[in-house]
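Okay, here's what each chain looks like letter by letter:
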Amino acid sequence: MAVRTANFIDDKAIRAALAEGAKSISAASAAEIVRKAGLGEGLSPEEVAVLLNVEDKELIGEIYKTAIAVKRQIYGNRLVLFAPLYVSDFCINRCIYCGYGAGHKFKRRRLTMDEIRNETKVLLEMGHKRIAMEAG
């Protein structure tokens, strides 16, 4: 099985959506996006970009209120945890808080597909139902 190593996150598209979201934001369009989000139908990257650019405190409050309502609709009034599955410690960032940062010098490694499969089985056998795949 071939492992895809190309970037799957399109940085240019994300930056373009954020820039467009900043330009096209209006109280009416942002309020409509918040209303749609409240239906739990999901949002497009462009819609998320608009909400990330909201500066009006009242509208930000509506975003938080809607997010809490959607979270409660999906998970109820409980805290949901994810078990981390670290698949790689290669990173190009230099975050101060992280031990995987590019500035730290140590031997880097990526798990093979077999190792990922085995680690996932172990986590499932431990009773975990939600796994967050982590990479540097």
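Residues numbered from 1 in each chain as written. Predicted model: local features only at pLDDT ≥ 70, side-chain atom pairs only at ≥ 80, totals over all residues. Heavy atoms only, no water.

### Quick notes on the overall build of the chain
To keep it simple, the criterion reads: Helix and strand definitions follow DSSP, with helices as H or I runs of at least four residues and strands as E runs of at least two, each counted in order from the N terminus. Values of the radius of gyration come from C-alpha atoms, whereas the globule rule sets the reference at 2.2 Å times the count of residues to the power 0.38. The contact definition used throughout considers only heavy atoms, calling two residues in contact when any of these lie within 4.5 Å. Working definition of accessibility: Shrake-Rupley area with a 1.4 Å probe, residue cover restricted to the visible protein chains. We treat Lys and Arg as the positive residues and Asp and Glu as the negative residues; His and chain ends play no part in the count. Where a charge lies is defined by one atom per residue type, namely NZ (Lys), CZ (Arg), CG (Asp) and CD (Glu).
A tally of regular secondary structure across the chain gives 5 helices and 2 strands. Taking 14 Å as the expected radius of gyration for a compact globule of 136 residues, we find that the chain reaches 19 Å, considerably beyond that expectation. Dimensions of the chain, computed from the C-alpha atoms along their principal axes, are close to 50 × 35 × 30 Å. Residue pairs in contact within the chain that sit at least 24 positions apart in sequence constitute 56% of those at least 6 positions apart. As displayed, the chain has an accessible area near 10,800 Å², and 58% of this comes from carbon and sulfur atoms. Side chains of the chain give 21 positive and 17 negative charges; the mean places of these two sets differ by 6 Å.

### Let's talk about a nonpolar patch on the surface
This is how the line gets drawn: A patch is a set of surface residues, each over 30% in relative accessible area and not in a salt bridge, joined within 9 Å for like charges and within 5 Å for the nonpolar side chains Val, Leu, Ile, Met, Phe, Trp and Tyr. Every case where a carboxyl oxygen of Asp or Glu lies within 4 Å of a side-chain nitrogen of Lys or Arg is listed as a salt bridge.
Together, Ile14, Leu18, Leu43, Val48 and Leu52 give the surface a local cluster of nonpolar side chains, amounting to about 390 Å² of exposed area. Within the residue set of the nonpolar patch, elements represented by two or more residues are helix H1 (11-24) and helix H3 (45-52). Inspection of the secondary structure assignment puts Leu18 in helix H1.

### Side note on the packing of helix H2 (residues 27-38) against helix H4 (residues 57-75)
Going by this rule: Only the contacting stretch of a helix is used when fitting its axis, a line to C-alpha atoms as for every element, and angles between N-to-C directions run 0 to 180 degrees. The labels follow the angle: roughly parallel below 35 degrees, roughly antiparallel above 145, roughly perpendicular from 65 to 115, and oblique for the rest. Each residue is assigned to one of three groups, with Ala, Val, Leu, Ile, Met, Phe, Trp, Tyr, Cys and Pro labelled nonpolar, Asp, Glu, Lys and Arg labelled charged, and all others, Gly among them, labelled polar.
For the pair H2 and H4, the least separation of the axes is 9 Å and the interaxial angle reads 10 degrees. In terms of their interaxial angle, H2 and H4 are classed as roughly parallel. Residue-level inspection shows Ala27, Ala30, Ala31, Val34, Ala37 and Gly38 of H2 in contact with H4, the latter providing Leu59, Glu62, Ile63, Thr66, Val70 and Gln73. Of the residues belonging to the contact of H2 with H4, the class tally is 8 nonpolar, 3 polar and 1 charged.

### Some words on the pairing of strand E1 (residues 83-88)
Rule in force here: Note on pairing: two strands pair once DSSP finds at least 2 bridges between them. Crossover handedness is defined here as right-handed if the route from the first strand over the helix to the second strand goes clockwise, with the strands pointing away from the viewer.
Relative to strand E2 (residues 131-135), E1 runs parallel, the two sharing 5 bridges. Looking at the pairing, Tyr86 lines up with Glu134 of E2. One crossover worth recording links E1 to the parallel E2 by way of helix H5 (residues 113-125), and it is right-handed.

### Re the pattern of salt bridges
This is how it is decided: Burial classification: accessible surface area is computed with a 1.4 Å probe over protein chains only, and a residue below 20% of its type maximum counts as buried, one above 50% as exposed, and the rest as partly exposed.
Inspection of the entire model under this criterion finds 5 salt bridges. Glu62 serves as the salt-bridge partner of Lys65, at 3.2 Å between the closest nitrogen and oxygen. With a gap of 3 residues between them, Lys65 and Glu62 both fall in helix H4, about one helical turn apart. A salt bridge links Arg117 to Asp114, with the nearest nitrogen and oxygen atoms 2.7 Å apart. Note that Arg117 and Asp114 are positioned in helix H5 at a spacing of 3 residues, about one turn of the helix. You can call Arg117 partly exposed: its relative accessible area is 39%.

Geometric descriptors of this kind do not, in isolation, establish any biological role.
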